[in-house]
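Coordinate inspection notes
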Amino acid sequence: MSTADIYLPVIDADDMGPGNASRADDPLSAEVTKPVVALVGNPNSGKTSLFNRLTGLRAHTANFAGTTVEHRRGTVTFGEQAVELVDLPGLYNLDADTPDERVACEVIRGVDRSGKSQPAPDLLILVIDSTNLQRNLFLASQLIEVAKETGSPVVAALNMSDLAKRHGLQIDAEQLSTDLGCPVIPLSARTGAGLEQLSTAVVESLHAPVAPSVNTQCSCSGCHGCGFAQRYDWAEGVSQKVVKEGSDSLGRNTQRIDRFLTHRLIGLAGFAVVMFFTFWLIYSLAAYPMDWIESLMAGAGNQLSRWLPAGDMLSLLADGIIGGVGGVLVFLPQICLLFFMLALLEDSGYLSRAALVMDRLMKRVGLPGKAFVPMLSAHACAIPAIMATRVIEDRRDRLATILVLPLMTCSARVPVYAMLIALLFSNQPLLAAAVFTGAYALGIVAALAMAWVFKRTILPGNARPLLIELPDYKWPSLRNALLQTYDRSMVFVKNAGGAILVISIVMWALATYPKTTLEDLSPSARSEITVLQDNGDTEAAENLLAERQLEHSFAGRIGQGVQPLLAPLGFDWKMSVGVVSSFAAREVIVSTLSILYGLGDEGDEAALTGRLRASTDSQGEPSFTTPVCLSLLVFYVLAMQCLPTQVITKRETGSWGWASFQFGYMTALAYVAALITFQTASVIVG
Amino acid sequence: MVDPAPLSEAPPDCLLRVVRVEVDPADMGRVKALGICVGRQVTVVQRGDPLVIRIVGTRLGISSHLASAVFVKSA
């Protein structure tokens, strides 16, 4: 097996397979291959900044073969030597806890998932944070041990040396080099200082590879206990030896800020402010690009209708694919902004404080403090949120988090909330805002309550107790945040894109077939349309036909079929069709209702609200009464109506069982809650 | 402070040393990887649940449940 098989699921032209010492006997491949260089380091060591600095936009995201663990890789030229640079997940030690860490360890150790040996990287760049030497040296000690076994040369990058210098911290790099048994290059990923020297050291080590041969465990008689203690003693000893001048100012600001941000009450208030600002930014800024995407999609649909004759093909492309995929793409700006804000917050060091202050609340319901980042992300979209649960070490904790995440109000629910709330309180902005907030709160409360229920039932036990590094605060790098946003968004599009495409086509087919023509209609319906056409109102005639068409389609029939089941919630058959159609993607109900109420699929919101409010049932009573709207609202807050999310749940939990369970419990919860809402509201309203 | 005492009950801003770690085996790996290990110096920065401590040169947030199984004495 070549290294290419290990690192790359798909081998493209310029990634023909990196070279490796073990393949030197293969002259053909040796000519076209690049050595593999892996970046290893603690979380917060600035490893990813260094990677970004070295690769820029040339990097791409790939999966480790046979896993869902992603990493970034890219070609970098050191001097004249092109290498394949791989950014491994951050590690504290080589005895892994999370799936990401496990994969990183396997790559470093040169074994695959089953424990079989595979070529180790040709060189390891160990990234060390100069301002946090002792802690980083622990990993160094283990890494050097492993490098001795695998024969991989190591180059240590002493990062953040600009920050160290500014705070008067002096480190003897030469002495450190002796202790680590490898070249040590002071540098700054932020300013780019020292990268030349790194490049030279990497090239030299690749041409004449020498694995380190020093002993990195303290063997003095005063040491006690396990290998851990010996390594820490070694790290402490080395760091005392190489730090020529300590710093008093380092970490002082962090200490001051943390007096507030980790405070049990002020910290929570601070968290609320940060979150409020983040979401305000997401919702206010994303509105513009969302409008552009919508008009782009509408434009593409119109353009298609000029090129293609009217018919099933056009309908599939314009309504099914462009409409369906566009309906999800429109949320991409919000998702990107969320990723961007999270990247900034993470880089600044704040996110770990947020986990700290939230932990006390979260663990009561059996969720770990770390679950709050996914829970936050879920307010934009459940899919990236579920993927973000990978930072949670414990499987029980991770599963509990994944199960409740889709209860958070995602962007796709917002158009539905907006429609229903406009129906409820069109001229009362305060009440409207209160109900909007209430819908969000209901999602959060339901998620916490369900987590508590799972803790008592199917997922017994407590969340693993919190233990998290609180790195020093620093100004986040805009460049890193932008790169990370770009990356994560691409991963989102790639992961969800395929599922969304397939689902869009299926839903289109259900709503389109069997076809209804004018001849299939009852004489009265037919004459109604003919009259409209004769009066020159072709649009109204088309809309009426579309309404009948949807009514007779598979989706329409299913909707009418399940209507008796939904009647106790106050839903009539049109709403039922809307509910059924939105099990693929919830925002679909807006366009479904628009068609069913004769506005065509592009009726504007104000027109739709007016039409819905005026609509009556067969007895002449209004259909969208207050209890019905509230019941629909509660149903949409709680129901699992997003097939792409289900696909991701399956992928991340490894079984359709959990995805089905998630669907089942959320639907049952939505049904019962909507039932209670409708019946109670009916009694109160009278 | 009675020596040795659980970290969760140690006074703030005193230099202490870890003498025993008796956390659940499932948490042992994480705890040690972050430096909470026999022989290390530790200072409590903020008490409560979770606590903020300083160990191996960095600040850590640690739940009091874990901290109650880490025993320290004055360094």
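Residues numbered from 1 in each chain as written. Chains lettered and ligands numbered in written order. Predicted model: local features only at pLDDT ≥ 70, side-chain atom pairs only at ≥ 80, totals over all residues. Heavy atoms only, no water.

As recorded by an unreviewed UniProt entry, chain B carries the name FeoA domain protein and is attributed to Adhaeretor mobilis.

Under an unreviewed UniProt entry, the name given to chain A is Ferrous iron transport protein B, and the source organism is Adhaeretor mobilis.

Looking now at the nonpolar core. All names here are of chain A. If you look at the biggest cluster of nonpolar residues, it comprises 108 residues, and the most contacted ones within it are Leu367, Phe372, Val404, Leu407, Phe624 and Phe635. In terms of residue count, the dominant contributor to this core is helix 27 (residues 626-638) (9 residues). Not counting residues up to four positions away in its chain, the partners in contact with phenylalanine 635 are Leu569, Phe571, Val579, Phe583, Gln641, Ala670, Tyr671 and Ala674. In terms of nonpolar packing, the next biggest core, distinct from the first, is built from 41 residues, Cys105, Leu169, Ile171 and Trp234 among them. (Core = buried A, V, L, I, M, F, W, Y, C linked by side-chain atoms within 4.5 Å. Buried < 20%, exposed > 50% of the residue type's maximum accessible area, 1.4 Å probe, protein only. Helix = DSSP H or I, 4+ residues; strand = E, 2+ residues; numbered from the N terminus. Contact = heavy atoms within 4.5 Å.)

Let us look at the pairing of strand 3 (residues 70-78) of chain A. All names here are of chain A. Pairing of strand 2 (residues 60-63) with strand 3, which is carried by 4 bridges, proceeds in the antiparallel orientation. Counterpart to histidine 60 in the pairing with strand 3 is arginine 73. The pairing of strand 3 with strand 4 (residues 81-87) spans 7 bridges and is classified as antiparallel. The residue bridging arginine 72 from the neighbouring strand is aspartate 87, located in strand 4. Counted along the chain from strand 3 to the antiparallel partner strand 4, the turn is 2 residues long, and its residue glycine 79 has a positive phi close to 60 degrees. (Pairing = 2+ DSSP bridges.)

Turning next to the environment of valine 577 of chain A. Residues and elements named next belong to chain A. Along the chain, valine 577 turns up in helix 24 (residues 573-581). The exposure class assigned to valine 577 is buried, which follows from its relative accessible area of 1%. Each C-alpha atom of the pair valine 577 and leucine 596 lies 8.8 Å from the other, and the pair is 19 residues apart in sequence. With residues up to four places along the chain from it excluded, the contact list for valine 577 reads Ala555, Gly556, Gly559, Gln560, Thr592 and Leu596.

Turning our eyes to something else, we now look at the interface of chain B and chain A. Tallying the contact residues gives 31 residues for chain B and 31 residues for chain A. Around 2,800 Å² of area is buried between chain B and chain A when both sides are counted, 54% of it from carbon and sulfur atoms. The tally of links from chain B across to chain A stands at 5 salt bridges. On the surface where chain B and chain A come into contact, there are 17 residue pairs in polar contact (both at pLDDT 80 or more). In terms of residues, the side of chain B that touches chain A owes the most to one element, helix 1 (residues 25-33) of chain B, which gives 7 residues. For the side of chain B that touches chain A, the class distribution of residues is 15 nonpolar, 9 polar and 7 charged. (Buried area = accessible area lost by both parts, 1.4 Å probe. Salt bridge = Lys/Arg side-chain N within 4 Å of Asp/Glu carboxyl O. Polar contact = N/O pair within 3.5 Å; in protein donor to acceptor, adjacent residues only side chain to side chain. Nonpolar A, V, L, I, M, F, W, Y, C, P; charged D, E, K, R; others polar.)

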